[in-house]
Number of protein chains: 2
Amino acid sequence: MTTIHEVAEAAGVSISTVSYALSGKRPVSEKTRVRIEDAVRVLGYEPDAGARMLAGRRTHIFALTEPLRADTHAPTHMAFVLATAVAARQRGYDILLLTDEQASEGMNRVAASNLVDAILVLDVAPDDARAAIARTVRTPTVFIGIPDDQEGLTCVDLDFEAAGHLAVDRLADAGHTRITLLGQTEVSYRKSNFPRRLLHGVQDRAVERGVGLDWVTTGTSATDTAAVRAAAEAAIARGDRAFIVHAVDDVHAALLAVLDERGLLVGEDVSVISAAASFDTTTLPVPVDTIPLVPQQSCELAVDLAVRRLEEADVRPGIHLIPPEYRSVGSVAPRG
Amino acid sequence: MTTIHEVAEAAGVSISTVSYALSGKRPVSEKTRVRIEDAVRVLGYEPDAGARMLAGRRTHIFALTEPLRADTHAPTHMAFVLATAVAARQRGYDILLLTDEQASEGMNRVAASNLVDAILVLDVAPDDARAAIARTVRTPTVFIGIPDDQEGLTCVDLDFEAAGHLAVDRLADAGHTRITLLGQTEVSYRKSNFPRRLLHGVQDRAVERGVGLDWVTTGTSATDTAAVRAAAEAAIARGDRAFIVHAVDDVHAALLAVLDERGLLVGEDVSVISAAASFDTTTLPVPVDTIPLVPQQSCELAVDLAVRRLEEADVRPGIHLIPPEYRSVGSVAPRG
DNA sequence: TTGAAAGCGTTACCAT
DNA sequence: ATGGTAACGCTTTCAA
């Protein structure tokens, strides 16, 4: 194993100079820095993680807690984990997974043992037990998602309410007077926070704009295509010609299939907006206007906040909402 | 922060006694041990991770590398990640995620910095670049899956060939003379190793038993239900009445739907065996005999091997195949 | 711009 | 059965 001593010797300097040359925390002359960097490369030196943690006060590791409930949508979840890991690596941090059923125990453990510099919380529930823990541990914690009691927490998320407003506005502007919201699974409106935030955004703005609203959940399983089709057909029979879809890809596909069968042209006879989808909507059989939920955005912001909490002292807790963006591809039909 | 010194003082012993009481590496009298444990509990002591890494030679962290290719099936992948994390925690290890596109860089980094005690490799490709790295780093590495060149590696996996044999034998024993293998996506037969191992097992045994075999892939997308249905209907038209399904849940559902529409009763008119499925087949609309791929089995074995490599010195590299198990629920129909 | 040396909190060896 | 203490390899203060 190569140590800092060997690097120092090879470069003909002291170990403190090596340390400073690598951390950049003190100016080092050009020529010595180059000599040190060469030695590092030649010897294949990598600082010992344990020594670094002990001597410095940084572990360069973030914990990522994920409860992994049964109703978790795996592809979406993976996208968030991946985005977090990538963002963290870019800032020089590794991700330690905390998947315990009692993620609480893990949070306390990694905080007490100084194993991580910060904790990132995924898959946040309305009454999330991790909120209380975040308040007691002194390890900076950032939530990707928003629990009901946000007191003293740092949270990051898409502004789902604004996304709801945006979707309704577009449809109302186009002249629609009735809208169907094809929503998430029933359970997710209880176990998660974001579905109802979008729902409220849609409901409130629908009232403001004076448009009728039908809200339909996907039943127990998001992949239960039959239920989705039935809901879509009922909406069509009802005369609804405007859809906001807040659901997984299968639900989008099912709706578009029903519309196609009924001979209804999207962007012509009916309007469809995909709200807060984290998958690639451009691969849908028909182009659909989208207000995307971009995991990279949330996760990069979360990592950035965590890093800032470590480097600056004056970072206040608070909710950071990401403004929604409307991507139009012509799936909203103007109605006379 | 509570240190071992404070615990020692509170318990009225030396720090070495505290250390030994907690590690169990030296006998400690009943009464002192209890006093120490009390002090630990009262003070909320947790050993400092950095100090532990530096002084001991163990970090109590395993790295888990996962390339996360585009064709990765998210739910299956998550099941393996979760199973690994749980198994590791049970043995006192945390999981550090390595999701870099170049997982290679990550492996070298964590190995060189002594950040982890062992590396677990997920989602193994036939020509996996991580195999070469595993041979060069001195950090013990265990593959969950099997690359083409296994020289000097430690690998764990279900015995897919044996699973193929088992499935064919059951159908041949029941009197079937033609079998359709409803397989994975086309790309997975190139990018992964296990689909072709099952395929070979099925092919070889089919030849031995003198039964005809039709092999059908799922096309590009496993969720392309239409293609699956077409394949199933072609097989039925062909006269095939025996199916081995090696695919995700949607494919199972599609096949069963087609059989139902044709009025063919599973276990009566047709035989269906699900091979190497990692999801819960008992929730399928019709009971299906299953040769399950249990992530917990593979992952626990992998963690166990990693731990053994750390604790014992005499663990040899090699392939560890888990024998398949046949779970019969009567979906194989005897044919006169 | 550079060096020397004092910790950091454990583990594990050497005593007793 | 227990205690004292030397590492472990780095960061950072203090000096020059």
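In the annotation of an unreviewed UniProt entry, the entry for chain A reads LacI family transcriptional regulator, and the organism field reads Microbacterium luteolum.

A. Geometry of the overall build of chain A. In terms of regular secondary structure, chain A is built from 13 helices and eleven strands. Along the first, second and third principal axes, the C-alpha atoms of chain A reach 80 × 40 × 35 Å. Relative to its full complement of 336 residues, chain A shows a buried share of 53%. A sequence separation of at least 24 residues applies to 70% of the contacts in chain A between residues at least 6 apart. Carbon and sulfur atoms form 50% of the exposed surface of chain A, whose accessible area is close to 14600 Å². Charge separation in chain A, taken as the distance between the mean sites of 33 positive and 46 negative side-chain charges, equals 5 Å.

B. View of the packing of aromatic side chains. All names here are of chain A. Enumeration over the complete set of coordinates arrives at six aromatic pairs over all chains. With a centroid separation of 4.9 Å and an interplanar angle of 70°, the aromatic rings of Tyr-189 and Trp-215 are classed as edge-to-face. Of this pair, Tyr-189 sits in helix α9 (residues 188-191) while Trp-215 sits in strand β7 (residues 212-216); the two residues are 26 residues apart in sequence, bridging distant segments of the chain. The cationic tip of Arg-170 hangs over the ring face of Tyr-326; the distance from NZ or CZ to the ring centre is 3.9 Å.

C. Main features of the relation of the copies chain A and chain B. Placing chain A over chain B gives an RMSD of 0.1 Å and needs a rotation angle of 180°, together with 0.0 Å of translation along the axis. Overall, the copies show the geometry of a two-fold rotation axis. Looking at the interface residues of chain A, 100% of them are also at the interface in chain B, so both copies use one shared face.

D. Focus on the interface of chain A and chain B. Each side of the interface is counted separately: chain A has 35 residues, and chain B has 35 residues. There are two salt bridges connecting chain A and chain B. Among the salt bridges present, the one from B:Arg109 reaches A:Asp94, with a minimum N-O distance of 2.7 Å. If you look at where chain A meets chain B, you find eight residue pairs in polar contact (both at pLDDT 80 or more). In terms of residue count, the dominant contributor to the side of chain A that touches chain B is helix α5 (residues 74-90) of chain A (nine residues). Looking at the side of chain A that touches chain B residue by residue, the classes come out as 21 nonpolar, five polar and nine charged. Strand direction decides the pairing type here: strand β2 (residues 94-98) of chain A and strand β2 (residues 94-98) of chain B, joined by three bridges, are antiparallel. Bridge pairing in β2(B) places A:Ile95 opposite B:Leu97.

E. Quick look at the domain arrangement of chain A. Domain annotation of chain A identifies domain 1 (4-46), domain 2 (61-158 + 295-322) and domain 3 (160-292). Measuring from the centre of the C-alpha atoms in domain 1 of chain A to the corresponding centre in domain 3 of chain A gives 59 Å.

F. Region of the structure containing the sheet that holds strand β9 (residues 271-275) of chain A. Residues and elements named next belong to chain A. Pairing in this open sheet of five strands is parallel, and the strands run β7-β6-β8-β9-β10 from one edge to the other. Among the strands making up the open sheet, the edge pair consists of β7 and β10 (289-291). This sheet shows a mean twist of 20° between the axes of neighbouring strands, independent of strand direction. Pairing between β9 and β10: three bridges, direction parallel. Within β10, the residue paired with Ala-275 across the bridge is Ile-291. Here helix α8 (residues 160-173) sits on the sheet and contacts β6 (178-182), β8 (242-245), β9 and β10; the angle it forms with β8, its principal contact strand, is near 165°. The strands touched by helix α12 (residues 249-261) within the sheet are β6, β8 and β9, with β8 carrying the most contacts at an inclination of about 165°.

G. Region of the structure containing the sheet that holds β2(A). Across the sheet, which stays open at both edges, the twelve strands sit in the order β11(A)-β5(A)-β4(A)-β3(A)-β1(A)-β2(A)-β2(B)-β1(B)-β3(B)-β4(B)-β5(B)-β11(B) with mixed pairing between neighbours. At either end of the open sheet lies a strand with only one pairing partner, and these are β11 (318-322) of chain A together with β11 (318-322) of chain B. Neighbour-to-neighbour, the strand axes of this sheet turn through a mean angle of 25°, independent of strand direction. Alignment of strand β4 (residues 141-144) of chain B against strand β5 (residues 154-158) of chain B, held across three bridges, turns out to be parallel. Of the residues in β5(B), the one forming a bridge with B:Ile144 is B:Val156. Strand contacts of α5(A): β1 (61-65), β2, β3 (118-121) and β4 (141-144) of chain A together with β2 of chain B, with the helix running at about 145° to β2(A), the strand carrying the most contacts. In the packing of helix α5 (residues 74-90) of chain B onto the sheet, contacts are made with β2 of chain A together with β1 (61-65), β2, β3 (118-121) and β4 of chain B, and the angle to β2(B) comes to roughly 145°.

H. Expanded view of the nonpolar core. Ranked by size, the top nonpolar core spans 98 residues in total, and within it A:Phe62, A:Leu120, A:Ile244, B:Phe62, B:Leu120 and B:Ile244 carry the most contacts. Discounting residues that sit within four places of it in the chain, A:Ile244 has contacts with A:Ala167, A:Val168, A:Leu171, A:Ile179, A:Thr180, A:Leu181, A:Leu182, A:Val202, A:Ile273 and A:Ala275. Formed by 44 residues, the second largest nonpolar core is a distinct cluster that contains A:Met53, A:Val124, A:Cys155 and B:Val121.

I. Representation of the packing of α5(A) against helix α13 (residues 295-311) of chain A. All names here are of chain A. Remark: α5 packs on α13, axes separated minimally by 8 Å, with the N-to-C direction vectors making an angle of 45°. Here α13 runs oblique to α5, going by the angle between their axes. α5 and α13 meet at a crossing whose hand is right-handed. Only Pro-295, Gln-296, Ser-298, Cys-299, Glu-300 and Val-303 of α13 make contact with α5, whose side of the interface consists of Ala-79, Phe-80, Ala-83, Thr-84, Ala-87 and Ala-88. Partitioning the contact of α5 with α13 into residue classes produces eight nonpolar, three polar and one charged.

J. Geometry of the pattern of salt bridges. Under the criterion given, the structure shown has 46 salt bridges over all chains. We note a salt bridge from B:Arg178 to B:Asp214, for which the minimum N-O separation is 2.6 Å. With B:Arg178 in strand β6 (residues 178-182) and B:Asp214 in strand β7 (residues 212-216), the pair connects residues that are 36 residues apart, well separated along the chain. By relative accessible area, which is 33% here, B:Arg178 ends up partly exposed. One continuous salt-bridge network, built from bridges that share partners, spans A:Asp169, A:Asp173, A:Arg205, A:Glu208 and A:Arg209.

Reading the values: the criteria
- Residues numbered from 1 in each chain as written.
- Chains lettered and ligands numbered in written order.
- Predicted model: local features only at pLDDT ≥ 70, side-chain atom pairs only at ≥ 80, totals over all residues.
- Heavy atoms only, no water.
- Helix = DSSP H or I, 4+ residues; strand = E, 2+ residues; numbered from the N terminus.
- Buried < 20%, exposed > 50% of the residue type's maximum accessible area, 1.4 Å probe, protein only.
- Contact = heavy atoms within 4.5 Å.
- Areas by Shrake-Rupley, 256 points an atom, 1.4 Å probe, with all protein chains shown as cover.
- Lys, Arg positive; Asp, Glu negative; His and termini not counted.
- Charge placed at Lys NZ, Arg CZ, Asp CG, Glu CD.
- Phe/Tyr/Trp six-rings, centres within 6.5 Å; stacked < 30°, edge-to-face > 60°.
- Lys NZ or Arg CZ within 6 Å of the ring centre and 35° of its normal.
- Least-squares fit on C-alpha atoms with pLDDT ≥ 70 in both.
- Salt bridge = Lys/Arg side-chain N within 4 Å of Asp/Glu carboxyl O.
- Polar contact = N/O pair within 3.5 Å; in protein donor to acceptor, adjacent residues only side chain to side chain.
- Nonpolar A, V, L, I, M, F, W, Y, C, P; charged D, E, K, R; others polar.
- Pairing = 2+ DSSP bridges.
- Domains from an automatic or database assignment.
- Axes fitted to C-alpha atoms, helices over the stretch in contact; angles between N-to-C directions.
- Core = buried A, V, L, I, M, F, W, Y, C linked by side-chain atoms within 4.5 Å.
- Parallel < 35°, antiparallel > 145°, perpendicular 65-115°, else oblique.
- Left-handed = near helix turned anticlockwise from the far one by under 90°.

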